[in-house]
Amino acid sequence: SIVSRMPFARVALSFLIAFCVMFASPAARAQTEADKGTARDLFFAGHAALTAKDYKTALDKFERSHKLYPAPTALLGYARALRGLGKWVESREAYNTTKRWKLAADAPEAFSKAVAEATQEGAALAKRIPSVVITVVGGIAAKVMINGVVVPAAALGVKRRANPGAAKITAVAEGFAPFETTVTLVEGENKDVSVTLAKTNDAAKVPPKPKTAAPTG
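Owing to the predicted nature of the structure, the values given are computational and were not obtained by experimental measurement.

### Regarding the environment of V186
Item 1. Relative to the assigned elements, V186 resides in the loop between β6 (179-185) and β7 (190-195).
Item 2. In this structure V186 comes out as partly exposed when scored by relative accessible area, which is 39%.
Item 3. Note: C-alpha distance between V186 and A166 (20 residues apart in sequence) is 9.0 Å.

The structure is reproduced here in structure tokens:
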């Protein structure tokens, strides 16, 4: 990753400066002292975890630091942690949120730098994210999912970004047998998947109970 290629001292200094500037701003002064202290600890814990490539911990720390004191610096760390976890689609969105951060005229340099780095890293990541085009043959109204997440009908038949690795694609529709397949999504590539649904066998259905003859006599 970009962070891992940077010398440790340089990264640590960058985060230290960013943090000090964050909490010297008027917005930070409006927070309670307890909030600021907690956010500070979370911010540094996130940085340490990111440096150690403990992305899951880094994600949690940066997210909570950002909630206590919203800042592009913490959000940038959050985006990098998602990228490290292989959640590239989510990471790209976090990068986009960071790059769209509205900077005040007197915004600290650390904020401006975070926005610039998010713009650069997000653009680079976007080129690497694989995509998949799922087409339901015959235009059947089916419920399609990727790894358990529903794909909106409007997103079928067009490129849809997805995280790299194994993707389990399922589809169900009334009157048809369930469909399931697993494909491997490779960095930078697009995969076409055709969903062909087979009608259920009427003969396999449970036959209706025979009518009972009316008593005579």
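Resuming the write-up.
### Some remarks on the sheet that holds strand β2 (residues 143-146)
Item 1. Strand order in the open sheet formed by 4 strands is β3-β2-β5-β6, and the pairing between neighbours is antiparallel. In this open sheet, the two edge strands, each paired with only one partner strand, are β3 (149-151) and β6. On average, adjacent strands in this sheet sit at an angle of 30° to one another, irrespective of strand direction.

### Topic: the nonpolar core
Item 1. Membership of the largest hydrophobic core comes to 20 residues, with the highest contact counts inside it found for V132, I134, V144, I146, I169, V195 and L197.
Item 2. Contact partners of I146, with chain neighbours within four places excluded, come to V132, I134, V151, A167, K168 and I169.
Item 3. Y55, F62, Y95 and A118 belong to the second-largest nonpolar core, a separate cluster that totals 19 residues.

### A word on helix α4 (residues 33-51)
Item 1. For α4, built from 19 residues, the straight-helix expectation of 27 Å at 1.5 Å per residue is met to within 8% by its first-to-last C-alpha distance of 27 Å.
Item 2. By the burial criterion, the buried members of α4 are K36, G37, A39, L42, F43, G46, H47, A49 and L50.
Item 3. Among the residues trailing α4, K53 stands out with phi positive, at a value near 65°.

### Quick look at unusual backbone geometry
Item 1. Residues other than glycine seldom take positive phi values, yet K53 does so here, at roughly 65°.
Item 2. Tracing the sequence through the fold places K53 in the loop between α4 and α5 (55-68).
Item 3. Positive phi outside glycine occurs at N147, with the angle close to 50°.
Item 4. Here N147 falls in the partly exposed class, since its relative accessible area comes to 48%.

Rules behind the numbers
Residues numbered from 1 in each chain as written. Predicted model: local features only at pLDDT ≥ 70, side-chain atom pairs only at ≥ 80, totals over all residues. Heavy atoms only, no water. Helix = DSSP H or I, 4+ residues; strand = E, 2+ residues; numbered from the N terminus. Buried < 20%, exposed > 50% of the residue type's maximum accessible area, 1.4 Å probe, protein only. Pairing = 2+ DSSP bridges. Axes fitted to C-alpha atoms, helices over the stretch in contact; angles between N-to-C directions. Core = buried A, V, L, I, M, F, W, Y, C linked by side-chain atoms within 4.5 Å. Contact = heavy atoms within 4.5 Å. Expected span 1.5 Å × (residues − 1).

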